[in-house]
Every structure is written in C-alpha cells, then in structure tokens.
Amino acid sequence: MASALSRVLAVFRTAAVTAALSLPAAFAAGPVLAQDAAVEMTVQDRAVQAVAQDVAAQDQDGGGADNPAAGTPGPANRLFVQALQLIRQADNTYDVAEEGRLLKEADKLFNDIVTKYPDSPLAVQLVTNQFVGDFDFYEFRSRIRALVCNDALNSLCFLHRIGEMLPPVETPINAARWDWLSLAVAYQQLGDTGRAKEIMAPFVSAVRRGGVADSSGQDLFVARALSLMGQTPLALDITRQINDCSTRIYNLADIAKAAAWRGDSGLTNALADEAKSYASSHNCAWELGLVAQTLLRAGKEAQARTLFLNTVETQFSKFKETRGDCCPPELAVAAADIGEPKLALGLLSTVQDENPWTIPAVLGRLAKRGEAGMAVAYADQVADIDTRGEAYAELIEAAMKRGEPAVANDLMNRLNKLTDEAAGRRPGLLAQRAKAEKVFYNDDRWRRTFQLAINAAEKASNFVRRDIGAPLLAALVRIETGLPMLD
C-alpha cells in the first residue's frame, strides 16, 4: 500500500510541475490562452488521477510492480502510462501525419504490454478489450484501423468503411456470411493479410467444429473464400468432406476458377475431371451446368459441349413433363460460355427473375464472344436499375477488350445517365460506374465515384446497408485485380 501511495504522489508531483511550467507561458500569451491552458490541465489532472487510481489498485493486488516492497512501478503500468501520454499528444495536434505516428507508437506500447508482460493484469485487460479506468481499448483499436482513412481515396480506407457498415458476426458462427468472407478476400487481395486472417479464422473454426456436417452441406462459403485467398489445400480439404451435390460442385468449380486465374492449368484440369466424376457418381442434376463451365475453363471444350447439350435436352424433357421450373440458372451462363447466344438468352429469360445475377453474367460473356448487339438490346430492357447498370459495366469491359471504344463510349453514356438520374442515391449503381471507369479510362478517377458509392451507402437505410457490403466489395476487388469475386 505504501508503494501505491508513493507512486500516486509521484504522479501528482509530475502533474503539478507540468502545470507550473505551462501556465506562466500561457498567461504571458494572453487571458484566453491562459484559460484554455487551465482547462487543459484540469482535463489532464483528471486523466492522471484515473490512471493513478487504477495503478494503485493493481499494485494493491500485488500484480503491477516489479518490486512492491521498494515501491518500484511495474513495467506494464509504465508502458501503459506512456501510451496514454502519446494518445493525449495525438489528440492535441492538428497534423494528421503526426497524429497517426503518435497513435501507432501508442499501439506498439500496448502490444509490448501483451507480448512482454502477459501475466500482468493490464495484459489481460487489453487482450479481452476491457476498460482500464475510463480508457476504452476496443475504441482505440478501431481508431488505429481508421488511420487508413487519412488518405480518404485509398482502397484500404474503402475497405475499412465498408467493414464498418457490415452487420456484426454473431457468435458462435452458425450462418453463412459471404459479406464478411468477401471482406477477408478483399483485404487479402489488397495486401493486408493480417486483417484477412483475423476475419477468416472464426469461420474456419466454425467449419472445423462441424459446420460441414450440416444437413444442407453448407460450409459457410469458407472453402470458396479460401480458394480466392490462395489457400487451395485447405479449401479442398473442407470441400471433399461435403456430400451435398450443390455445395461440393460449386466449391470444386470455384477452386478450379481461382486456379485458372493463377495460371495453374494442371490443377484446373484435375478439378474439372473431379467435378465431372463426382457429378456422375452422385447423380447430380442442375449442377452439370457448373461442370460444363469448369470443363470449358480447363480447355476441354468437346467434353463441355457434349455434357451441356445432353443436360439441356434432359432439362427440357423434364420441363415438358412437369411444367415446373425450366432450368437451373447455371445452364444459361454455360450456354453463353459455350457460344450458344440464342439458347443463352432464351434460358436467361426464364431464370432472371429468381436469379438476377445471371443477367450481367450472361450478357458480359456473350459480348466478349462478339454478340454485343443482342446483349446491349437485352440489357436495355432490364427493369431493375442496379442490374441494368451492372450489365452495362460488363458490356463496357467486353467492348474495351474487343477493341471497340466507340461501343464502350456509348455504353458509358448510358451508365452515366442512369447514375445521374439516381442523383447519388444508389450505391450499387455508383460502384458499377466506378468499375466501368477503371476499364474505360484506366486511371484513378474511379476512386471519386467509389467514394460517392460508400457515402451513399452510409446514408442509406439499414436495409440497404445490410445488403450492399458484398456488392461493394466485389466491385472493388474487380477494379483492383481485374478479376471478379465469385458469382
């Protein structure tokens, strides 16, 4: 107790000396500055008092001092007080760069407490995000992450702001959250692998605890996200434990797609054969459209075409017999990939209401194969504004890749007209415009538009903010990498 009292008195003596040195200078500068200085010292005194009381309480428990009998301050407590002083300095500067430097130094001291003195009470409080006095460490960590927005137009700032809008993950994890997994993929793609792992780890743990054995075969999209993050062995290990046709084939197709993007033709071929074999041995039906796409991606065009045509014939036969749903949406995408434009648009018209994602997917593929005229005409008739805008963005990319700048310019004008009429109230539409601007202009003007998309999302209703995260992330990844997020 004597140790604690001596330390509290030492802290107050330091505060008193500081006040004595700073107040005369403030009075010399004028009455207003003197008053501000007095108020500032009052605030600092309260902060010092709060920390001193917390330090004294920890010393009384015997855990905060190197040598309690001698009254020596504990090293963890010393680092903590130094960190608070740095935070106070950061609060009192107008220099953004200096603020960031001071906060990062404070963060390093907090990390030192945890790594060097894990047995100290302070380390426990920091690791568990507890308050220390009136200091909120969780809020501080959020402030550290927000430093990326000192440059408001950089992509890591965009990710931070999108992440702040996502509904929190419920624990224990028991539901698919493609928005958070998309955030992890985006951080991985943009170079912050530490943040990516931090987000991904709980979902991987959920799968290992038994999510794969769920009756629906749901793996929470974890394997698909892992494939985009380059974790192919782990993605395959999870996938091969799934006995549900849809999830198993979707995962194999997506892992093969990611392998093809990385130029791994051997793995792409092997996974295409594996998907075909699994679909055959387990009597998978509508998933055959995915298998056909995967075979085509692996360069097995003859096999892909044969499988596709047989599947279409089977599906139409069942449709004539049952008069139920005609065909799975994946067949429409496969028809566009294989180069059957009339069949692709016919299938698209039957599946687009329930699966609007197929519209830009099919039209973009057709345009890349030289069927821009019919693709544009179809896009012009799409009722939903956001979907039409995404279709235009896909068509712009296809036109630029085919060396048709005049076609791309006409489509860009149509997309601009849509966004102007929306008057900044459709964040998804603005994100598609940003995606198109990146392809069309090949410079950074897309960043202003994407910033407007996030601004619009932050001002939107809770319903819009709940659903807009994954589309914004998909657009950003497409812009930065040139590759789409998974369908």
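Only a predicted model underlies this, so the values are computations on that prediction, with no experimental measurement involved.

Cut-offs used in this document
- Residues numbered from 1 in each chain as written.
- Predicted model: local features only at pLDDT ≥ 70, side-chain atom pairs only at ≥ 80, totals over all residues.
- Heavy atoms only, no water.
- Helix = DSSP H or I, 4+ residues; strand = E, 2+ residues; numbered from the N terminus.
- Contact = heavy atoms within 4.5 Å.
- Areas by Shrake-Rupley, 256 points an atom, 1.4 Å probe, with all protein chains shown as cover.
- Salt bridge = Lys/Arg side-chain N within 4 Å of Asp/Glu carboxyl O.
- Buried < 20%, exposed > 50% of the residue type's maximum accessible area, 1.4 Å probe, protein only.
- Expected span 1.5 Å × (residues − 1).
- Arc of directions from axis to C-beta.
- Polar contact = N/O pair within 3.5 Å; in protein donor to acceptor, adjacent residues only side chain to side chain.
- Disulfide = S-S within 2.5 Å.
- Core = buried A, V, L, I, M, F, W, Y, C linked by side-chain atoms within 4.5 Å.
- Phe/Tyr/Trp six-rings, centres within 6.5 Å; stacked < 30°, edge-to-face > 60°.
- Lys NZ or Arg CZ within 6 Å of the ring centre and 35° of its normal.
- pLDDT = per-residue confidence, 0-100.

1. Examining the overall build of the chain
For step 1, the next point in the chain: Scanning the chain from terminus to terminus reveals 24 helices and four strands.
For step 2, the next point in the chain: Partitioning the intrachain contacts of the chain with sequence separation of at least 6 by distance along the chain shows that 60% fall at a separation of at least 24.
For step 3, the next point in the chain: As presented, the chain carries roughly 23400 Å² of accessible surface, and 53% of it is formed by carbon and sulfur atoms.

2. Here we look at the pattern of salt bridges
For step 1, the next point in the chain: In this structure the tally under the stated criterion is 32 salt bridges.
For step 2, the next point in the chain: Taking the shortest distance from any N to any O, the salt bridge between glutamate 394 and arginine 478 comes out at 3.0 Å. Of this pair, glutamate 394 sits in helix α20 (residues 385-401) while arginine 478 sits in helix α24 (residues 462-481), and the two are 84 residues apart along the sequence. Arginine 478 matches glutamate 394 in its accessibility class, with the two residues each being buried.
For step 3, the next point in the chain: Three or more residues are tied together by salt bridges with common partners; here these are Glu394, Glu397, Lys401, Lys435 and Arg478.

3. Digging into helix α13 (residues 265-281)
For step 1, the next point in the chain: The end-to-end C-alpha distance of α13 is 24 Å, a good match for the 24 Å that 17 residues give at a rise of 1.5 Å each.
For step 2, the next point in the chain: Regarding α13, the residues found buried are Leu267, Thr268, Leu271, Ala272, Glu274, Ala275, Tyr278 and Ala279. End-on, the buried residues of α13 take up no more than an arc of 165°, which puts them together on one face. Projecting away from the buried face of α13 at angles above 90 degrees are the exposed residues Ser265, Ser280 and Ser281.
For step 3, the next point in the chain: Packed against the buried residues of α13 are α11 (232-239), α12 (245-261) and α14 (288-297).
For step 4, the next point in the chain: Immediately downstream of α13, the backbone of asparagine 283 shows phi near 55°, a positive value.

4. A short note on the side chain of arginine 177
For step 1, the next point in the chain: You can see arginine 177 is positioned in the loop between α7 (155-165) and α8 (178-189).
For step 2, the next point in the chain: A distance of 3.2 Å separates a polar atom in the side chain of arginine 177 from the backbone oxygen of proline 168.
For step 3, the next point in the chain: Apart from residues lying up to four places away in sequence, arginine 177 is in contact with Pro167, Pro168, Val169 and Phe203.

5. Some details on the side chain of glutamine 432
For step 1, the next point in the chain: Relative to the elements of secondary structure, glutamine 432 occurs in helix α22 (residues 427-441).
For step 2, the next point in the chain: In terms of polar contacts, glutamine 432 uses its side chain to reach the side chain of lysine 435, at 2.8 Å.

6. Considerations on the state of the cysteines
For step 1, the next point in the chain: One pass over the full model with this rule turns up two disulfides.
For step 2, the next point in the chain: What pairs with cysteine 149 in a disulfide is cysteine 157, and their sulfur atoms sit 2.1 Å apart. On the sign convention where negative is left-handed, the bridge of cysteine 149 and cysteine 157, at about 100° about the S-S bond, is right-handed.
For step 3, the next point in the chain: For cysteine 149, a relative accessible area of 23% corresponds to the partly exposed category.
For step 4, the next point in the chain: Between the sulfur atoms of cysteine 245 and its disulfide mate cysteine 284 the distance is 2.0 Å. Linking cysteine 245 and cysteine 284, the disulfide has an S-S dihedral of approximately -75° and is accordingly described as left-handed. Note that cysteine 245 is positioned in helix α12 and cysteine 284 in the loop between α13 and α14, a separation of 39 residues in sequence. Each member of the pair, cysteine 245 together with cysteine 284, is buried.

7. Describing helix α17 (residues 341-351)
For step 1, the next point in the chain: Along α17, the positions that sit buried rather than exposed are Pro341, Ala344, Leu345, Leu347, Leu348 and Val351. Taken end-on, α17 shows its buried residues confined to a sector of 165°, consistent with a single buried face.

8. Brief notes about the nonpolar core
For step 1, the next point in the chain: If you look at the biggest cluster of nonpolar residues, it comprises 115 residues, and the most contacted ones within it are Met200, Val222, Leu363, Leu395, Phe450 and Leu472.
For step 2, the next point in the chain: What leucine 395 contacts, discounting residues up to four positions off in sequence, is Leu363, Gly364, Ala367, Ala375, Val376, Ala379 and Leu411.
For step 3, the next point in the chain: With 23 residues, the next largest nonpolar core counts Ala76, Phe80, Leu102 and Phe110 among its residues.

9. Here we look at unusual backbone geometry
For step 1, the next point in the chain: Cis rather than trans, the peptide bond between threonine 171 and proline 172 has omega equal to -5°.
For step 2, the next point in the chain: Among the structural elements, proline 172 can be located in the loop between α7 and α8.
For step 3, the next point in the chain: Of note in the backbone geometry, asparagine 283 takes a positive phi value of approximately 55° without being a glycine.
For step 4, the next point in the chain: In this structure asparagine 283 comes out as exposed when scored by relative accessible area, which is 70%.

10. Quick notes on the packing of aromatic side chains
For step 1, the next point in the chain: Tallying each qualifying case throughout the model produces 14 aromatic pairs.
For step 2, the next point in the chain: Members of the aromatic cluster, connected to one another through ring pairs, are Phe80, Phe110, Phe135, Phe137 and Phe140.
For step 3, the next point in the chain: Over the ring of tryptophan 178 we find arginine 224; its NZ or CZ atom is 5.8 Å from the centre of that ring.
For step 4, the next point in the chain: The ring of tyrosine 441 carries the charged tip of arginine 445 above its face, separated from the ring centre by 3.9 Å.

11. Quick look at the confidence of the model for the chain
For step 1, the next point in the chain: Confidence in the prediction of the chain, expressed as mean pLDDT, is 84, and 82% of residues score 70 or more.
For step 2, the next point in the chain: Contacts from residues 1-49, a stretch scored under 50 in pLDDT, to residues over four places away or in other chains number 36 contacts.
For step 3, the next point in the chain: Confidence drops under a pLDDT of 50 for residues 55-72, and excluding neighbours within four residues, the segment shows 36 contacts in the predicted structure.

12. Observations regarding the environment of glutamate 274
For step 1, the next point in the chain: As for its position among the elements, glutamate 274 is in helix α13.
For step 2, the next point in the chain: Through-space distance from the C-alpha of glutamate 274 to that of leucine 252 is 7.9 Å; in sequence the pair is 22 residues apart.
For step 3, the next point in the chain: Every residue in contact with glutamate 274, bar those within four places of it in the chain, is listed here: Arg240 and Leu252.

13. Side note on the environment of alanine 302
For step 1, the next point in the chain: Mapped onto the secondary structure, alanine 302 falls in helix α15 (residues 301-322).
For step 2, the next point in the chain: Overall, alanine 302 belongs to the exposed group, its relative accessible area being 60%.
For step 3, the next point in the chain: Between the C-alpha atoms of alanine 302 and alanine 292, which are ten residues apart in sequence, the distance is 9.9 Å.

14. Side note on the environment of methionine 200
For step 1, the next point in the chain: Looking at the element boundaries, methionine 200 is found in helix α9 (residues 193-208).
For step 2, the next point in the chain: Take methionine 200: its relative accessible area is 4%, and that puts it in the buried class.
For step 3, the next point in the chain: For the pair formed by methionine 200 and leucine 181, sequence separation is 19 residues and the distance between their alpha carbons is 6.6 Å.
For step 4, the next point in the chain: Those residues in contact with methionine 200 that lie beyond four places of it in its chain are Leu181, Ala184, Val222, Ala225, Leu226 and Met229.

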